[in-house]
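Here is what each chain is made of, one letter per residue.
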Amino acid sequence: MSTRDLVLTALFAAIIVALGLLPPIPLGFIPVPIAAQSLGVMMAGVVLGARRGAIAVLIVLLLVAIGLPVLSGGRGGLAIFASPTAGFLIGWIFAAFVTGYLSERLINDRQSGLVQTVSFFLTAMVGGIVVLYAFGITYLATVAGLGFPKAFVGSMAFVPGDVIKAFVAALLGRAVMVGYPLLPAHKA
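Residues numbered from 1 in each chain as written. Predicted model: local features only at pLDDT ≥ 70, side-chain atom pairs only at ≥ 80, totals over all residues. Heavy atoms only, no water.

Chemist: Go over the packing of aromatic side chains with me, naming the residues and quoting the values.
Modeler: In this structure the tally under the stated criterion is five aromatic pairs. For the pair Phe-97 and Tyr-101, a centre-to-centre distance of 6.2 Å together with 20° between the ring planes defines the contact as stacked. Of the two residues, Phe-97 and Tyr-101 are both situated in helix H4 (residues 86-106); the distance of four residues between them amounts to about one turn of the helix. (Phe/Tyr/Trp six-rings, centres within 6.5 Å; stacked < 30°, edge-to-face > 60°. Helix = DSSP H or I, 4+ residues; strand = E, 2+ residues; numbered from the N terminus.)

Listed below in structure tokens is the structure:
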């Protein structure tokens, strides 16, 4: 990796950590609040692309594993990876990668602003919601013994917030594309 790549991945790891400082929004009817860190995962994918976005997430998860309280609510440590929601954390890696992979292939500087924004939104939805939930719900259903239907239905309460996060990530992706494009160009 170049120095520029190292700086960018560290910057986005810091952004993901900083989003964990925002207070979680409790929903009341489920025990897990809405946190902003998955927005950082989507942003890493749309701005940095697959490889660098996934590495930024890996840095955050490494910080969690060594015990730093970098997750929402000041959580950290290896015990987090034994919790029923650990599948969502592991899914962050794949969410950033898929979001970035799709962004690299679907978005280019010859497209109109609207097409870029919509494309960024769709890539953030696929990677940051579909892929992330596939990992998180499957792990939750298995580890917590809820069964897939119950874990799926329980997780749907988070989808509206994640759609908003995908929209914010799309706006950021478009703004960076205009001002200082960082997304690697796909070589056909």
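Chemist: Please set out a nonpolar patch on the surface residue by residue, giving values where relevant.
Modeler: Where nonpolar side chains cluster on the molecular surface, the patch consists of Phe-148, Phe-152, Val-153 and Met-156 and spans about 370 Å² of accessible area. Examined against the element boundaries, Met-156 turns out to sit in the loop between helix H6 (148-155) and helix H7 (159-179). Overall, Met-156 belongs to the partly exposed group, its relative accessible area being 31%. (Patch = residues over 30% accessible without salt bridge, like charges linked within 9 Å, V, L, I, M, F, W, Y side chains within 5 Å. Areas by Shrake-Rupley, 256 points an atom, 1.4 Å probe, with all protein chains shown as cover. Salt bridge = Lys/Arg side-chain N within 4 Å of Asp/Glu carboxyl O. Buried < 20%, exposed > 50% of the residue type's maximum accessible area, 1.4 Å probe, protein only.)

Chemist: Tell me about helix H3 (residues 50-65), and please be specific about residues and values.
Modeler: Residues spaced three or four apart along an α-helix face the same direction, because each turn holds 3.6 residues. Along its 16 residues, H3 runs 22 Å from first to last C-alpha, staying within 8% of the 22 Å computed at 1.5 Å per residue. By the burial criterion, the buried members of H3 are Ala-50, Arg-52, Gly-53, Ala-54, Ala-56, Val-57, Val-60, Leu-61 and Val-64. Elements that come into contact with the buried residues of H3 comprise helix H1 (3-19), helix H2 (37-48) and H4. Two residues or fewer after H3 comes Gly-67, characterised by a positive phi angle close to 105°. (Expected span 1.5 Å × (residues − 1). Contact = heavy atoms within 4.5 Å.)

Chemist: Summarise the packing of H1 against H2; cite the residues concerned and give the values.
Modeler: Close contact between H1 and H2 brings their axes to 7 Å; oriented N to C, the two are set at 160°. The orientation of H1 with respect to H2, classified from their angle, is roughly antiparallel. Relative to H2, the crossing made by H1 is right-handed. On H2, the residues touching Leu-8, Thr-9, Phe-12, Ile-15, Ile-16, Val-17 and Leu-19 of H1 are Gln-37, Leu-39, Gly-40, Val-41, Met-43, Ala-44, Val-47 and Leu-48. Looking at the contact of H1 with H2 residue by residue, the classes come out as 12 nonpolar, three polar and no charged. (Axes fitted to C-alpha atoms, helices over the stretch in contact; angles between N-to-C directions. Parallel < 35°, antiparallel > 145°, perpendicular 65-115°, else oblique. Left-handed = near helix turned anticlockwise from the far one by under 90°. Nonpolar A, V, L, I, M, F, W, Y, C, P; charged D, E, K, R; others polar.)

Chemist: Could you give me a rundown of the packing of H4 against helix H5 (residues 113-143), with the residues and numbers involved?
Modeler: Direction vectors running N to C along H4 and H5 enclose 155°, while the axes themselves pass 7 Å from each other. Between H4 and H5, the angle is such that the two are roughly antiparallel. Considering the relative orientation of H4 and H5, their crossing is right-handed. Residues of the contact of H4 with H5, tallied by class, amount to 17 nonpolar, nine polar and no charged.

Chemist: Kindly report on the side chain of Lys-165, identifying the contributing residues and their values.
Modeler: For Lys-165, the position within the fold is in helix H7. For Lys-165, a relative accessible area of 11% translates into the label buried. In terms of polar contacts, Lys-165 uses its side chain to reach the side chain of Asp-162, at 3.1 Å. With residues up to four places along the chain from it excluded, the contact list for Lys-165 reads Ile-34, Ala-35, Ala-36, Ser-38, Leu-39 and Met-42. (Polar contact = N/O pair within 3.5 Å; in protein donor to acceptor, adjacent residues only side chain to side chain.)

Chemist: Quick one: what's the story with H1, residue by residue and with numbers?
Modeler: When the terminal C-alpha atoms of H1 are compared, their 24 Å separation across 17 residues agrees well with the 24 Å that a helix rising 1.5 Å per residue should span. Turning to H1, its buried residues are Asp-5, Leu-8, Thr-9, Phe-12, Ala-13, Ile-16 and Leu-19. All buried residues of H1 fall inside an arc of 135° around its axis, so they share one side. The exposed set on the far side of H1, more than 90 degrees from its buried face, consists of Thr-3 and Val-7. Among the structural elements, H2, H3 and H4 are those in contact with the buried residues of H1. (Arc of directions from axis to C-beta.)

Chemist: Lay out the pattern of salt bridges with the relevant residues and their values.
Modeler: Per the stated rule, a full pass over the model turns up four salt bridges. Between Asp-5 and Arg-51 there is a salt bridge whose closest N-O contact spans 3.7 Å. In this pair, Asp-5 sits in helix H1 while Arg-51 sits in helix H3, placing the two residues 46 residues apart along the sequence. Here Arg-51 falls in the partly exposed class, since its relative accessible area comes to 46%. With a shortest N-O distance of 3.3 Å, Arg-105 and Glu-104 are connected by a salt bridge. Classification of Glu-104 as buried rests on a relative accessible area of 14%. Counted as one network, the salt bridges with shared partners bring together Asp-5, Arg-51 and Arg-52.

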